[in-house]
2 protein chains.
Amino acid sequence: MKITFKGDYALKAILDLAIHHGRAERIESIAKRQDIPFKFLEQILLSLKKGGFVRSKRGRDGGYYLARAPKQITMGQVIRYVEGPIEPISCILKKGGTHCDFAAQCVLRDVFLDIGQYIADKVDRVTFADLKEKQLKKLAKENKYLNYSI
Amino acid sequence: MKITFKGDYALKAILDLAIHHGRAERIESIAKRQDIPFKFLEQILLSLKKGGFVRSKRGRDGGYYLARAPKQITMGQVIRYVEGPIEPISCILKKGGTHCDFAAQCVLRDVFLDIGQYIADKVDRVTFADLKEKQLKKLAKENKYLNYSI
DNA sequence: TTAATACCCTACTAACTTGATAGAGATTAT
DNA sequence: ATAATCTCTATCAAGTTAGTAGGGTATTAA
Ligand code: FES
Ligand code: FES
């Protein structure tokens, strides 16, 4: 019951691009800011590009940028793309992809479906515009106390 | 974001023992009813015994039985025991076990904590008495239509 | 007492997933 | 040209998952 580093990194990368929305950001900049291994992030961004979340520009002054506005991207879309289905499958899916023979009588399944529904609802409602706003507020509050600039 | 077969089997085994509460059930009977590989279930039950969920009786007419009433066992207890923490850790836990350096500013963490809280609440509220009751009702309803007996 | 029954325990393994790293190639601004 | 950047494929060590194998030990019916 966990999200992988890959998924976590993907979310962080997109949040980073949301915060710097409007210009192309180099992989290395994102990697440093978000503390992600450079070469790993390279692969993740390539995958996110295939998924239609980001676009890129090559050569000097190149980098990555969001394919659409932060408001149009949800956590759910990203998680499903890099991690697969969100539902905490018990044996909801059996081998093939269709659900198991006992599904109709399975009371465990009901609980997991309920949980899956909650998670889906949650992550589908959170956009990267929301995350960006919250992130900036948190940082602003910190700056007030610590006198740092980022 | 998934539960393993081991966890699924553990839940099914305990539900089976809850349904047959009062007598000792052989591993093989449980394995057949719940469609679990015998030798795998053997290990799982041994582990559940160490965890204090079940007790056993050896020799002829031996088998496993619940260590306490179905009402006193929750899904959460079992899942945590066989699967570890329920929370969909983002990078909430870093290497050691303490949370990461950026936790205070991390907006992703907030979302995952919320989800983790919901899951924990849910599975901690569902007891095996609840599951047993629902299971028996489902089976009864099926029997009415199909004229089967189990 | 003894044979049958059933749990106890440890070791092993094949396949898969995770979290990367390596390096050559393609593209673009200056 | 050339330096900066993304592109793409391959590889890999470590860990996890889903089992299997096989002998050992306790209990009890007969
Ligand atoms: S969904 Fe298959 S047994 Fe529960
Ligand atoms: S909790 Fe560590 S960066 Fe989010």
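Since we're looking at a predicted model, the values are computed, not measured.

Another aspect to go through is the nonpolar core. Among the nonpolar cores identified, the biggest contains 76 residues, and Leu48(A), Met75(A), Phe128(A), Leu48(B), Met75(B) and Phe128(B) are the most heavily contacted of them. Setting aside its immediate chain neighbours within four residues, Leu48(B) contacts Ala10(B), Ile14(B), Phe53(B), Val54(B), Val78(B), Tyr81(B) and Val82(B).

All right, on to the relation of the copies chain B and chain A then. Between the two copies, chain B and chain A, the superposition gives an RMSD of 0.1 Å; the rotation angle is 180° and the shift along the axis is 0.0 Å. Taken together, the rotation and translation relating the two chain copies correspond to the operation of a two-fold axis. Most of the interface of chain B is mirrored in chain A, where 100% of its interface residues again form contacts.

With that settled, the discussion passes to helix α2 (residues 27-34) of chain B. Residue and element names in this part refer to chain B. Residues Ile 27, Ser 29, Ile 30 and Ala 31 constitute the buried set of α2. Residues of α2 that are buried in the fold lie against α1 (5-19), α3 (38-50) and β2 (63-66). Taken from the residues just after α2, Asp 35 is the one with a positive phi, measuring 60°.

Glancing now at the protein's contact with DNA strand D. Around DNA strand D, the structure places 26 residues, and the nearest of them are Glu42(A), Lys49(A), Tyr64(A), Lys39(B) and Arg58(B). Here a phosphate oxygen of DNA strand D sits 3.2 Å away from a polar atom, N or O, in the main chain of Phe5(B). Mapped by element, the contributors of at least two residues to the surface near DNA strand D are α3 (38-50), β1 (54-57) and β2 (63-66) of chain A together with α1 and α3 of chain B. A per-class count over the surface near DNA strand D returns 7 nonpolar, 7 polar and 12 charged.

Moving on, we come to the pattern of salt bridges. This structure, assessed with the given rule, holds 24 salt bridges over all chains. The residue Lys39(B) makes a salt bridge to Glu42(B) at a minimum N-O spacing of 3.1 Å. Within this pair, Lys39(B) and its partner Glu42(B) are both found in helix α3, separated by 3 residues, close to a single helical turn. In this structure, a network of salt bridges that share partners links the residues Asp16(A), Arg23(A), Glu25(A) and Arg33(A).

What counts as what
Residues numbered from 1 in each chain as written. Chains lettered and ligands numbered in written order. Predicted model: local features only at pLDDT ≥ 70, side-chain atom pairs only at ≥ 80, totals over all residues. Heavy atoms only, no water. Core = buried A, V, L, I, M, F, W, Y, C linked by side-chain atoms within 4.5 Å. Buried < 20%, exposed > 50% of the residue type's maximum accessible area, 1.4 Å probe, protein only. Contact = heavy atoms within 4.5 Å. Least-squares fit on C-alpha atoms with pLDDT ≥ 70 in both. Helix = DSSP H or I, 4+ residues; strand = E, 2+ residues; numbered from the N terminus. Near = heavy atom within 4 Å. Polar contact = N/O pair within 3.5 Å; in protein donor to acceptor, adjacent residues only side chain to side chain. Nonpolar A, V, L, I, M, F, W, Y, C, P; charged D, E, K, R; others polar. Salt bridge = Lys/Arg side-chain N within 4 Å of Asp/Glu carboxyl O.

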